[in-house]
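# Residue-level structural notes
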Amino acid sequence: MDLHHWLDKAVTAIEDWQEGFGPYPEHPSLAVDDEAFGAAFERLTKRLHGNYPFFHPRYAGQMLKPPHPAAVVGYLATMLINPNNHALDGGPATAPMEREVVAALAAMFGFGTHLGHLTSSGTIANLEALFVARELHPGRGIAYSAEAHYTHSRMCRVLGVEGHAVPVDDHGRMDLDALETLLRTGRIGTVVLTTGTTGLGAVDPVHEALALRDRYGVRLHVDAAYGGFFTLLAGHELPAEPWRAIARCDSVVVDPHKHGLQPYGCGAVIFQDPAVGRFYVHDSPYTYFTSDDLHLGEISLECSRAGASAAALWLTLQLLPLTRAGLGEVLAAGRRAASRWSALIDQSDLLTLYQRPELDIVTYYPAAGSLADIDRISARMLDEGMNDPSDAVYLSTFNVTAAAISARHPELTCDAPQGRILRSVLMKPETETVIDLLHTRVERLAES
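From a predicted model like this one, the values you see are computed outputs, not experimental measurements.

### Regarding the packing of helix α4 (residues 94-108) against helix α10 (residues 307-319)
The contact between α4 and α10 brings their axes to 8 Å, and the two run at 50°. As judged from the angle between their axes, α4 and α10 are oblique. As for the relative orientation of α4 and α10, their crossing is left-handed in sense. Side by side, α4 and α10 meet where Thr94, Met97, Glu98, Glu100, Val101 and Ala104 of the first sit next to Gly307, Ala310, Ala311, Leu313, Trp314 and Leu317 of the second. Here the residues of the contact of α4 with α10 are counted per class, giving 8 nonpolar, 2 polar and 2 charged.

This is how it looks when you write it as structure tokens:
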């Protein structure tokens, strides 16, 4: 895609549409001098240069990358109109697009009949799922993995619900024996399963948890904010069972602003049972007036939501559909990169694999005899890598406990209660083409 060309086309297309309504005078209060704007814009771009190069394969740290050019163009074109998808009155063109993309996401997870919408983030999407969980099981708690995103414990506090962190196994997945012990108490109404923890990329055994759901009458919510789009690789590069089992769960959350190639913020929450919409019932005397159809704001805790987010995702999925051969190939490139780097680390005398990646997150540490040394060297590698003016590489660190690392690597001396190891999220498909170079650069950091 020629981004310059299509950005110009986007502006022109909206200007042509606007002209159809006739001319009108611009209000002087909005006038900005071009020279003044130019100076301010120069200050802005200089400040933006303070960012890390999220777009480049040299950046192998956190879950950050620019959106796809199609999403940029779709967002910009729609932003010039600035529809609000809270109500059909505010987003008459983009609200139907939102319904279409949510239906596509629901189908990706195997949901048939469903109720869902986009959100501003996975945090808000999970809040909505836990809100519904509270309403369906008042007085009962919510269980989530000890490795689950911290949003679950925080949102339990917000909702006034008792939260329970369930221990994990030696791969960072929820320990279902520990979960069953908790379920026997009768205190749990909903279990949150994570398909792709944000620390390790671990996938909870959703398929095995179904039996516990049936036995104890709890709801199953799947937090697939980070890992959800890997569903497209189920039965191909990834085992099918946990991903296919999502279709039998009660709700799911996914973030298109992660692997869906969208700008922040774009999350989604989808419920299996449309009847949960009753928990959102409210009235607004000045909002829902041009249509008797269900307005998206009537099934959402959020009010104003950018119609541009729906349009950007809609346009992206027209070009990269939710299939293995479409968006799935983007995910597959990151998965191959993680597998390749793991194999290189296995052969390295300078690096050690913390655990084998399930998705596209690689965790590793410098070869050293003790946890304290690993912590110290990892911190140095992070700092030296990102501050090298001629050959920078950007990593991230991950705190592990002595118990967790000794369970995986009993030969280590654990002389500290916890320590930092290194972590790289390989979510840009371009990383696949330079993974050997990235490995060599990180080895040099370890060696120095």
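### Overview of the sheet that holds strand β10 (residues 396-401)
Spatially, 4 strands are ordered β8-β9-β11-β10 in an open sheet, and the strand pairing comes out antiparallel. Looking along the sheet, the strands with just one partner apiece sit at the ends: β8 (351-355) and β10. The average angle at which neighbouring strand axes cross in this sheet is 45°, direction not considered. The pairing of β8 with strand β9 (residues 361-366) spans 4 bridges and is antiparallel. Directly across from Thr352, in β9, lies its bridge partner Tyr365.

### Digging into the pairing of strand β2 (residues 141-145)
In terms of burial, β2 is a largely internal element, 5 of the 5 residues being buried. Alternating positions in β2 separate into two faces, Gly141, Ala143 and Ser145 on one and Ile142 and Tyr144 on the other, with burial throughout. Two strands pair when backbone bridges link them, and β2 and strand β4 (residues 188-194) are joined in this way by 4 bridges, in the parallel orientation. Bridge pairing in β4 links Tyr144 to Val192. Both β2 and strand β3 (residues 163-166) contribute to a ladder of 4 bridges, which runs parallel.

### Observations concerning the packing of aromatic side chains
Inspection of the entire model under this criterion finds 9 aromatic pairs. With centroids separated by 5.8 Å and ring planes inclined at 15°, the aromatic side chains of Phe37 and Phe41 adopt a geometry described as stacked. Taken together, the positions of Phe37 and Phe41, both in helix α2 (residues 34-48) and 4 residues apart, correspond to about one turn of that helix. Plain terms: the ring middles of Phe54 and Tyr59 are 5.1 Å apart, the flat faces sit at 90° to each other, and that makes the pair edge-to-face. Note on Tyr59: relative accessible area 5%, which makes it buried. Ring pairing ties together the aromatic residues Tyr52, Phe54, Tyr59 and Tyr394, which thus form one cluster.

### Brief notes about a negative patch on the surface
Together, Asp8, Glu15, Asp16 and Glu19 make up a region of like negative charge exposed at the surface. Tracing the sequence through the fold places Asp8 in helix α1 (residues 3-19).

### Here's the deal with the pattern of salt bridges
Under the counting rule described, the total for this entry stands at 23 salt bridges. Taking the shortest distance from any N to any O, the salt bridge between Glu135 and Arg134 comes out at 2.9 Å. On the basis of relative accessible area, Glu135 is assigned to the partly exposed category, the value being 31%. Ionic contacts of the salt-bridge type, sharing partners, join the residues Arg58, Asp388, Asp391, Arg441 and Arg444 into one network.

### So, the nonpolar core
Of all hydrophobic cores here, the largest spans 57 residues; its most connected members are Leu179 and Val191. In terms of residue count, α4 provides more of this core than any other element does, 5 residues in total. Not counting chain neighbours up to four residues away, the residues in contact with Val191 comprise Ala143, Met174, Leu179, Leu183, Val218, Arg219, Leu220 and His221. Formed by 26 residues, the second largest nonpolar core is a distinct cluster that contains Ala95, Val132, Leu159 and Val269.

### As for helix α3 (residues 69-79)
Think of an α-helix as turning once every 3.6 residues; residues three or four places apart then point the same way. Considered for burial, the residues of α3 that qualify are Ala70, Ala71, Val73, Gly74, Ala77 and Thr78. Around the axis of α3, the buried residues are gathered within 165° of arc, so they sit on the same side. Check the buried side of α3 and you find it contacts α1, α4 and α10.

### Thoughts on the sheet that holds strand β1 (residues 115-119)
Read across the sheet, 7 strands follow the order β1-β7-β6-β5-β4-β2-β3 without closing on themselves; strand pairing throughout is mixed. The sheet is open, and its two edges are formed by β1 and β3, each paired on a single side. Strand-to-strand twist across the sheet, computed as the mean angle between neighbouring axes with direction ignored, equals 20°. Contacting β4 and β5 (219-224), helix α8 (residues 206-216) runs over the sheet at an angle of about 160° to β5.

### Observations regarding the environment of Ile405
For Ile405, the position within the fold is in helix α13 (residues 402-408). Looking at Ile405, the relative accessible area reads 0%, which means it is buried. Separated by 219 residues in the primary sequence, Ile405 and Gly186 have C-alpha atoms spaced 33 Å apart. Apart from the residues lying within four places of it in its own chain, the contact partners of Ile405 are Tyr354, Tyr365, Leu371, Ile374, Val400, Leu412, Cys414 and Ile421.

### Side note on the layout of surface pockets
Empty space among the atoms can be located by rolling a probe the size of a water molecule over them. Here the largest pocket defines a volume of roughly 550 Å³. Listing elements by their share of the lining of the largest pocket, those giving two or more residues are α5 (122-136) and α6 (151-159). By residue number, the principal contributor to the lining of the largest pocket is α5, which donates 3 residues. Looking at side-chain class alone, the lining of the largest pocket contains 8 nonpolar, 13 polar and 6 charged residues.

About the cut-offs
Residues numbered from 1 in each chain as written. Predicted model: local features only at pLDDT ≥ 70, side-chain atom pairs only at ≥ 80, totals over all residues. Heavy atoms only, no water. Axes fitted to C-alpha atoms, helices over the stretch in contact; angles between N-to-C directions. Helix = DSSP H or I, 4+ residues; strand = E, 2+ residues; numbered from the N terminus. Parallel < 35°, antiparallel > 145°, perpendicular 65-115°, else oblique. Left-handed = near helix turned anticlockwise from the far one by under 90°. Contact = heavy atoms within 4.5 Å. Nonpolar A, V, L, I, M, F, W, Y, C, P; charged D, E, K, R; others polar. Pairing = 2+ DSSP bridges. Buried < 20%, exposed > 50% of the residue type's maximum accessible area, 1.4 Å probe, protein only. Phe/Tyr/Trp six-rings, centres within 6.5 Å; stacked < 30°, edge-to-face > 60°. Patch = residues over 30% accessible without salt bridge, like charges linked within 9 Å, V, L, I, M, F, W, Y side chains within 5 Å. Areas by Shrake-Rupley, 256 points an atom, 1.4 Å probe, with all protein chains shown as cover. Salt bridge = Lys/Arg side-chain N within 4 Å of Asp/Glu carboxyl O. Lys, Arg positive; Asp, Glu negative; His and termini not counted. Charge placed at Lys NZ, Arg CZ, Asp CG, Glu CD. Core = buried A, V, L, I, M, F, W, Y, C linked by side-chain atoms within 4.5 Å. Arc of directions from axis to C-beta. 1 Å grid on protein atoms, 1.4 Å probe; cavity = no way out; pocket = protein on both sides within 12 Å on 5 of 7 lines; lining within 4 Å. Points joined across faces, edges and corners; volume = space filled by probe spheres on them.

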